[in-house]
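Here is how the chains run, residue by residue.
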Amino acid sequence: MTAAEIMTPLERLACVAPEDDASEALDELARRGVNQLPVLEGGRLVGLLRREDVLKWLALYEGTVDA
Amino acid sequence: MRKATRWASYGGQAFAWLLIGTGVLMLFSLRLPLLGGGLFGGLWLMLIGWFLNNAALVSYRQLLVKQTLEEVPVGRIMQKQVARVDPDLSVARLVEEHMMGSGQRVLPVERAGRFLGWYPSPTCRSRSGARGTG
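Description of the structure in this document. What you see is a predicted model; the values in this text were computed from it and never measured. Numbers given for residues are sequential positions, taken from 1 along each chain in its written order. Starting at A for chains and at 1 for ligands, labels are handed out in the order in which the entities are written. Only residues with pLDDT of at least 70 are given local features in this predicted model, and only at 80 or more are side-chain atom pairs given and counted; all residues enter the totals for whole chains, interfaces and linings. Hydrogen atoms and water are omitted, and side-chain values are computed over all heavy atoms in the structure.

Quick notes on the sheet that holds strand β1 (residues 107–111) of chain B
As a general point, the strands of a sheet are linked pairwise by backbone hydrogen bonds and lie either parallel or antiparallel. Note the cut-off: The pairing criterion is simple: DSSP has to find at least two bridges between the two strands. Numbering goes from the N terminus for both helices and strands, where a helix is a DSSP run of H or I of at least four residues and a strand is a run of E of at least two. Two residues form a contact once any of their heavy atoms are found within 4.5 Å. In this analysis, axes come from line fits to C-alpha atoms, helices being fitted only over the stretch in contact, and the angle between any two N-to-C directions falls in the range 0 to 180 degrees.
Overall, antiparallel pairing links the 3 strands, which are arranged β1(A)-β2(B)-β1(B) in an open sheet. A strand with exactly one partner marks an edge of an open sheet, and here the two such strands are β1 (8–9) of chain A together with β1 of chain B. Here 5 bridges tie β1 of chain B to strand β2 (residues 114–119) of chain B, and the two strands are oriented antiparallel to one another. Opposite R111 of chain B, over in β2 of chain B, you have R114 of chain B as the bridge partner. Helix α4 (residues 91–102) of chain B contacts β1 and β2 of chain B of the sheet and is inclined by roughly 125° relative to β1 of chain B.

Comments concerning a nonpolar patch on the surface
Residue and element names in this part refer to chain B. Threshold: Put simply, a patch holds well-exposed residues, over 30% relative accessible area, that have no salt bridge, with like charges counted together within 9 Å and Val, Leu, Ile, Met, Phe, Trp or Tyr side chains within 5 Å. In short, Shrake-Rupley with a 1.4 Å probe defines the accessible areas, and a residue's cover is counted only from the protein chains shown. The rule for a salt bridge is simple: a side-chain nitrogen of Lys or Arg has to be within 4 Å of a carboxyl oxygen of Asp or Glu. To sort residues, take the accessible area from a 1.4 Å probe on protein chains only and compare it with the maximum for the residue type: under 20% means buried, over 50% means exposed, and anything in between is partly exposed.
Together, F15, L18, F40, W44, L47, I48, W50, F51 and L52 give the surface a local cluster of nonpolar side chains, amounting to about 970 Å² of exposed area. Looking at the nonpolar patch, the elements with two or more residues in it are α1 (2–27) and α2 (38–69). Note on placement: L18 falls in helix α1. Owing to a relative accessible area of 53%, L18 belongs among the exposed residues under this scheme.

Things to note about unusual backbone geometry
Residue and element names in this part refer to chain B. Not every positive phi belongs to a glycine, and E71 is a case in point at roughly 65°. Assignment of secondary structure puts E71 in the loop between α2 and α3 (74–77). Judged by relative accessible area, E71 falls into the exposed class, the value being 70%. Located in the positive-phi region is A112, a residue other than glycine, with phi close to 50°. Tracing the backbone through its elements, the reader meets A112 in the loop between β1 and β2.

Some points on α4 of chain B
Counting along an α-helix, one turn takes 3.6 residues, and residues three or four places apart therefore face a common direction. Quick note on the threshold: Throughout, the arc means the angular range of directions from the helix axis out to the C-beta atoms.
Among all positions in α4 of chain B, only V91, L94 and M99 of chain B are buried. When α4 of chain B is viewed along its axis, its buried side chains cluster within an angular range of 55° and face the same direction. Exposed residues pointing more than 90 degrees away from the buried face of α4 of chain B are listed as E96, M100 and G101 of chain B. Where α4 of chain B is buried, its residues touch α1 (3–6) of chain A together with β1 and β2 of chain B. Where α4 of chain B ends, the next residue or the one after it, G103 of chain B, has phi of about 80°, a positive value.

Things to note about the environment of G43 of chain A
Within the fold, G43 of chain A resides in the loop between β2 (36–41) and β3 (44–50). A sequence separation of 33 residues divides G43 of chain A from L10 of chain A, and the C-alpha atoms of the two residues are 9.8 Å apart. Here G43 of chain A is in contact with G113, R114 and F115 of chain B, once residues within four sequence places are set aside.

Okay, here's the thing in structure tokens:
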């Protein structure tokens, strides 16, 4: 059995683009109940957006936002 | 919109503290029309106030998160170093050589630079009971 036979195909995955808003991507993570999203640019995978990456970003920068 | 949410949250918190304060006074024999008074009524009002305050704080926290992430492109946050596998790779090798070593919970499957999908499959997810791999 090969990876292609058991993988989750692209059509069934929610994807984001590198220029997409991170807050919308976080909404998508929450809506789908997933921990990561593939980041695609012209059909090529350029990265992974993981929930923990967003949390790290928030931990670093949240205090700097003027509430 | 942002300001409105913030003020709605402040309003919710103020109302919640008003309920808690009134509940405390009711504990000390304050009697109010409709609400009455006494230990049970006071504690009940304090509990409602506490719930309201929590809800207002959570909505305010969500606003802060949204505000922090607004206009931050995904490309700045994402993980750029991603292990990938060929679609023809056997599952045994995929798990042993890539899944165990990379520390990634998902392994993108690519052919000639084109993203096709990723491992694990939804079936693997439901069998393991784990959520959120895809």
